[in-house]
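Here are the chains, one letter per residue:
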Amino acid sequence: MDSMRLQTPRGTRDYLPADMVKRRRVIEKLRETFELYGYGEVTTPAFEYLELLEAKAGEDVREQIYWFKDKGGRKLGLRFEMTTPIARIVAQNPVMPKPIRFYYIQPVWRYEEPQRGRFREFSHAGIELIGYEDVSADAEVIAVTVNALKKTGLDSIEVRLSDRRVLENLLIKYGMDRKLEESFRVLDKLERKGKAYVITELNKLGIKKDNLDKLMSVISIPGSNEEKLDMAEKCLSGTNGVGAIDRLRSILDELKDGYGIASEVKIDYSIVRGLAYYTGMVFEVKTLKTPDLGSVAGGGRYDELIKTIGGPRIPATGMSIGIERLIEALEIKGSLEINYSPAKVLVIPVGEEYWPHVLKLAEKLRNEGIPTIVEMKGRSLSAGLSHAERLKIPYAVIVGKREISTNSYTLRDLKEWKEVKLGLGELISKLKN
């Protein structure tokens, strides 16, 4: 057989039982947090009509969609994120009571260059708060994001907050009013490719050198959040960028006075987000201990998306967390050290004639909530004990003639290598501890 057939497709990976234990632990912490804030879980088809996915994806992302024609000739695409499918749900059901609070934990697909923490098949966990235009919705989404990440064990995080309208008005002021989306795509690469790359590419798009220097000085201004807001406000006096700055101030106030997390939020006008449907506030979350890993979460406001795909205009804010990046960050931090074992106990018959007895015993243990494996027929006792050790199973129960006649069981602690004989009730009690 061709060895290529035995490899996973590029940008994908397998998750074995030990990996899945970690994933489940992280996912359940996220789910618990989302539900504490009143969000209900939704799931959508893996593929949608390609036209829907392309509606407001942005040029870069549009090129990354896995798409195909079905047998009826219809163009379909694998979802590349979850916001657009959820917007479709709301567009189909516009009379749902507002605000709507949805969450999801689902796989998505993008044809992009695989790199650290980034695959072509990956999972997003996120929330959408739909039908709430006030800045309180933006603050809530950011707070849920921060608290969900902390719940998983991640600390030393920084929320980088901006509003697309600030950058939009800066670009207009400095001569890029006709190539805004192209400029956004360039600026979105600032952290990955550096300042020199951005300046070169923006210059190619038509921004003059002196204007570029002014633009970059505003984007990269040091100082406190208030100093950054004041400078941008002066620079954008008379534009609707001032209203965006007012909203940022209000978000920061709520995060400080209501949620108590303002110290973890930093104004950063270079934050754009790669998806073209964002219309206002945008944010990304990075972990300070693994800065080269990229953002572990991000989101923003998208007030026009539902209308764009055929529904009424309904304001909305959302975010998503990259499960794979989050797990990698937690592993680096040392918060996901798990000694995986498939069971608590291995039941070993010392002869095939005892097979019915070990099956009955195993069922009794399972009924008590004790994960149990029965050793294969025909293996010797020593082979069975060695098998349990390799699987990191902490206990073995040995069943033979003596155990059957005395109605007791030999329990061997494979860590301490000690044996004790116990009745059924004592055995269950011991294994439950």
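Residues numbered from 1 in each chain as written. Predicted model: local features only at pLDDT ≥ 70, side-chain atom pairs only at ≥ 80, totals over all residues. Heavy atoms only, no water.

A few words on the pairing of strand 11 (residues 316-322). Along strand 11, 7 of the 7 residues are buried, which leaves the element largely enclosed by surrounding structure. Judged by which residues are buried, strand 11 turns out to be covered on both faces: Ala316, Gly318, Ser320 and Gly322 on one side and Thr317, Met319 and Ile321 on the other are all buried. Two elements, strand 6 (residues 121-130) and strand 11, share 7 bridges in a ladder whose sense is antiparallel. Paired with Ala125 across the bridge in strand 11 is Ile321. Bridge count between strand 10 (residues 297-301) and strand 11: 5 bridges; the pairing is antiparallel. Counterpart to Gly299 in the pairing with strand 11 is Met319. (Buried < 20%, exposed > 50% of the residue type's maximum accessible area, 1.4 Å probe, protein only. Helix = DSSP H or I, 4+ residues; strand = E, 2+ residues; numbered from the N terminus. Pairing = 2+ DSSP bridges.)

This part takes up the sheet that holds strand 13 (residues 372-374). Spatially, 5 strands are ordered 13-12-14-15-16 in an open sheet, and the strand pairing comes out mixed. Each having just a single partner strand, strand 13 and strand 16 (418-422) make up the two edges of the open sheet. If you compare each strand with its neighbour and ignore which way they point, the axes differ by 25° on average. Direction of pairing for strand 12 (residues 345-349) relative to strand 14 (residues 395-399): parallel, over a ladder of 5 bridges. Following the sheet pairing, Pro349 is matched in strand 14 by Val399. Packed onto the sheet, helix 16 (residues 381-390) meets strand 12, strand 14 and strand 15 (409-413) and runs at close to 170° relative to strand 12. Most of the contacts of helix 18 (residues 424-432) go to strand 15, to which it runs at about 20°, and overall it touches strand 12, strand 14, strand 15 and strand 16. (Axes fitted to C-alpha atoms, helices over the stretch in contact; angles between N-to-C directions. Contact = heavy atoms within 4.5 Å.)

Quick look at the environment of Leu424 now. Position of Leu424 among the secondary structure elements: in helix 18. On a C-alpha basis, the gap between Leu424 and Leu170 in space is 75 Å, while along the polypeptide they are 254 residues apart.

Turning our eyes to something else, we now look at empty space enclosed by the protein. Taken as a whole and judged by the stated rule, the model has 1 cavity of 30 Å³ or more. In this structure, the largest cavity encloses a volume near 60 Å³. Taken together, 13 residues make up the lining of the largest cavity; nearest its centre are Arg164, Glu181, Arg185, Arg273 and Gly274. Elements supplying a minimum of two residues to the lining of the largest cavity: helix 3 (59-62) and helix 7 (180-187). Top element by residues in the lining of the largest cavity is helix 7. It accounts for 3 residues. Within the lining of the largest cavity, the residues separate by chemical class into 4 nonpolar, 2 polar and 7 charged. (1 Å grid on protein atoms, 1.4 Å probe; cavity = no way out; pocket = protein on both sides within 12 Å on 5 of 7 lines; lining within 4 Å. Points joined across faces, edges and corners; volume = space filled by probe spheres on them. Nonpolar A, V, L, I, M, F, W, Y, C, P; charged D, E, K, R; others polar.)

Attention now goes to the sheet that holds strand 7 (residues 157-163). Strand order in the open sheet formed by 8 strands is 1-5-6-11-10-9-7-8, and the pairing between neighbours is mixed. This sheet does not close on itself; its edge strands, each paired only once, are strand 1 (40-41) and strand 8 (265-267). In terms of strand pairing, strand 9 (residues 281-287) meets strand 10 through 4 bridges, oriented antiparallel. Residue pairing across strands places Val285 opposite Ala297, the latter belonging to strand 10. Those strands touched by helix 6 (residues 164-173) are strand 7 and strand 9, and its axis lies near 50° from that of strand 7.

On inspection of all chains with the given rule, the structure shows 36 salt bridges. Between Arg101 and Glu140 there is a salt bridge, with the nearest N and O atoms lying 2.9 Å from each other. Here the residue Arg101 occupies a position in strand 5 (residues 100-109), and Glu140 occupies one in helix 5 (residues 135-151), the gap between them amounting to 39 residues. Given the relative accessible area of 25%, Arg101 is considered partly exposed. Overall, the relative accessible area of 10% leaves Glu140 in the buried class. Residue Lys421 pairs with Glu403 through a salt bridge whose shortest N-O separation is 3.3 Å. Of this pair, Lys421 sits in strand 16 while Glu403 sits in helix 17 (residues 401-406); the two residues are 18 residues apart in sequence, bridging distant segments of the chain. A relative accessible area of 42% means that Lys421 is categorised as partly exposed. Through salt bridges with shared partners, a single network forms among Glu133, Asp138, Arg247, Arg301, Asp303, Glu304 and Arg313. (Salt bridge = Lys/Arg side-chain N within 4 Å of Asp/Glu carboxyl O.)

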